[in-house]
Amino acid sequence: MEQQLRILIIEDEKKFATALRAGLNAANYRAKSAATGEEGYFLASQETFDLIILDLMLPGCSGIDFLRTLRGHGVRTPVLALTARETVEDRVEALDCGADDYLIKPCALSELLARTRALVRRGKSVQVPMLSCEDLEMDLSTHRVTRGVATLNLTAKEFEVIEYFLRHSGRVVSRETLAREVWRTTERATPINNVIDVTIARLRRKLDDPFAHKLLRTVRGMGYVLG
Ligand code: CA
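Asks: With reference to specific residues and values, describe the packing of helix 6 (residues 156-167) against helix 8 (residues 190-207).
Replies: Across the interface, helix 6 lies against helix 8 with an axial gap of 10 Å and an inter-helix angle of 80°. Considered as vectors, helix 6 and helix 8 are oriented roughly perpendicular to each other. Contacts between helix 6 and helix 8 involve Lys157, Glu158, Val161, Ile162 and Phe165 from the first element and Thr199, Ile200, Arg202, Leu203, Lys206 and Leu207 from the second. Looking at the contact of helix 6 with helix 8 residue by residue, the classes come out as six nonpolar, one polar and four charged.

Rendered as structure tokens:
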């Protein structure tokens, strides 16, 4: 299954963010949005995106602050800056701080999609890190997951779960943490726990069943640990 490309939208204007997210999802991207730079930075530190669409005019931490922090931490995800201001200085500052391209708002969705395609293409040639644990490897640029010489055929959710485990390997990850960080819900009810249990069971079938050495262990009453 082809993994959908992930896009993070950082935009405080709710209506615009919602329309943008809907437009990108309709174009077969997987878009998430954050209303502040802080929230955006949190999401960007939790998972890997193929593109960040960043409004420069944000309350609190500005788009420029966000860019400086992001690039300062060595994150090279392509960034498309959106600006309402038509001043040259604004655009220059964004480009100087590490934005890859910009668009002036209001912009047509078709143009934004065209820029998105171009940036994602360009971004793919940038080297993206590998995550690994023992013989399990995840290539974040191709979204390919392998164990030894075998390629694991994962669903999008299984991929997200294994990515989370890889980023926290050797540590116990509770169901509550998975619910919050991967399913993005703070629900404490049985249905979400069942969904998590079923996903973990399916993941184990692909990740561990064919191998003598098991990577994903259950820590009774606490959660799961990879490696
Ligand atoms: Ca704004």
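Asks: Quick one: what's the story with unusual backbone geometry, residue by residue and with numbers?
Replies: Look at the link from Lys105 to Pro106: it is a cis peptide, with omega at -5°. Structurally, Pro106 can be placed in the loop between strand 5 (101-104) and helix 5 (109-124). One non-glycine residue with positive phi stands out, namely Glu134, at about 55°. In this structure, Glu134 sits in the loop between strand 6 (130-133) and strand 7 (136-139). Of note in the backbone geometry, Arg184 takes a positive phi value of approximately 55° without being a glycine. Position of Arg184 among the secondary structure elements: in the loop between helix 7 (175-181) and helix 8.

Asks: Now, about the coordination of the calcium ion: what can you tell me, with residues and values included?
Replies: Taken together, Asp12 (OD), Glu13 (OE), Asp55 (OD) and Met57 (O) make up the full set of protein donors to the calcium ion, lying 2.1 to 2.8 Å away. Each donor residue of the calcium ion lies on one chain, and together they are spaced D-E-x41-D-x1-M. Note that Asp12 is positioned in the loop between strand 1 (6-10) and helix 1 (14-26) and Met57 in the loop between strand 3 (51-55) and helix 3 (63-72), a separation of 45 residues in sequence. Residue classification places Asp12 among the partly exposed residues on the basis of a relative accessible area of 31%.

Asks: Help me get a handle on the nonpolar core, residues and values and all.
Replies: Judged by nonpolar contacts, the single largest core of 28 residues is most densely connected at Leu136, Met138, Phe165, Leu178, Ile200, Leu207 and Leu226. Sorting the residues of this core by element identifies strand 6, strand 7, helix 6, helix 7, helix 8 and strand 12 (223-226) as the ones contributing at least two each. Apart from residues no more than four positions distant in its own chain, Ile200 is found in contact with Val161, Phe165, Leu178, Leu216 and Tyr224. Counting residues in each nonpolar core, the second largest holds 20 residues, with Leu54, Cys61, Ala81 and Ala94 among its members.

Asks: Explain empty space enclosed by the protein to me, using residue names and the numbers behind them.
Replies: Here the structure, examined in full by the defined rule, presents one cavity of 30 Å³ or more. Taken as a whole, the largest cavity encloses approximately 80 Å³ of empty space. Residue lining of the largest cavity: Arg6, Gln46, Glu47, Glu160, Glu163, Tyr164, Glu181, Val182 and Arg184, and that is the complete set. Here the residues of the lining of the largest cavity sort into two nonpolar, one polar and six charged. There are two domains that each give the lining of the largest cavity at least three residues, and those are domain 1 (6-126) and domain 2 (130-226).

Thresholds applied
Residues numbered from 1 in each chain as written. Predicted model: local features only at pLDDT ≥ 70, side-chain atom pairs only at ≥ 80, totals over all residues. Heavy atoms only, no water. Axes fitted to C-alpha atoms, helices over the stretch in contact; angles between N-to-C directions. Helix = DSSP H or I, 4+ residues; strand = E, 2+ residues; numbered from the N terminus. Parallel < 35°, antiparallel > 145°, perpendicular 65-115°, else oblique. Contact = heavy atoms within 4.5 Å. Nonpolar A, V, L, I, M, F, W, Y, C, P; charged D, E, K, R; others polar. Donors = N, O, S within 2.8 Å, 3.2 Å for Na, K, Ca; no water. Buried < 20%, exposed > 50% of the residue type's maximum accessible area, 1.4 Å probe, protein only. Core = buried A, V, L, I, M, F, W, Y, C linked by side-chain atoms within 4.5 Å. 1 Å grid on protein atoms, 1.4 Å probe; cavity = no way out; pocket = protein on both sides within 12 Å on 5 of 7 lines; lining within 4 Å. Points joined across faces, edges and corners; volume = space filled by probe spheres on them. Domains from an automatic or database assignment.

By themselves these figures say nothing about function.
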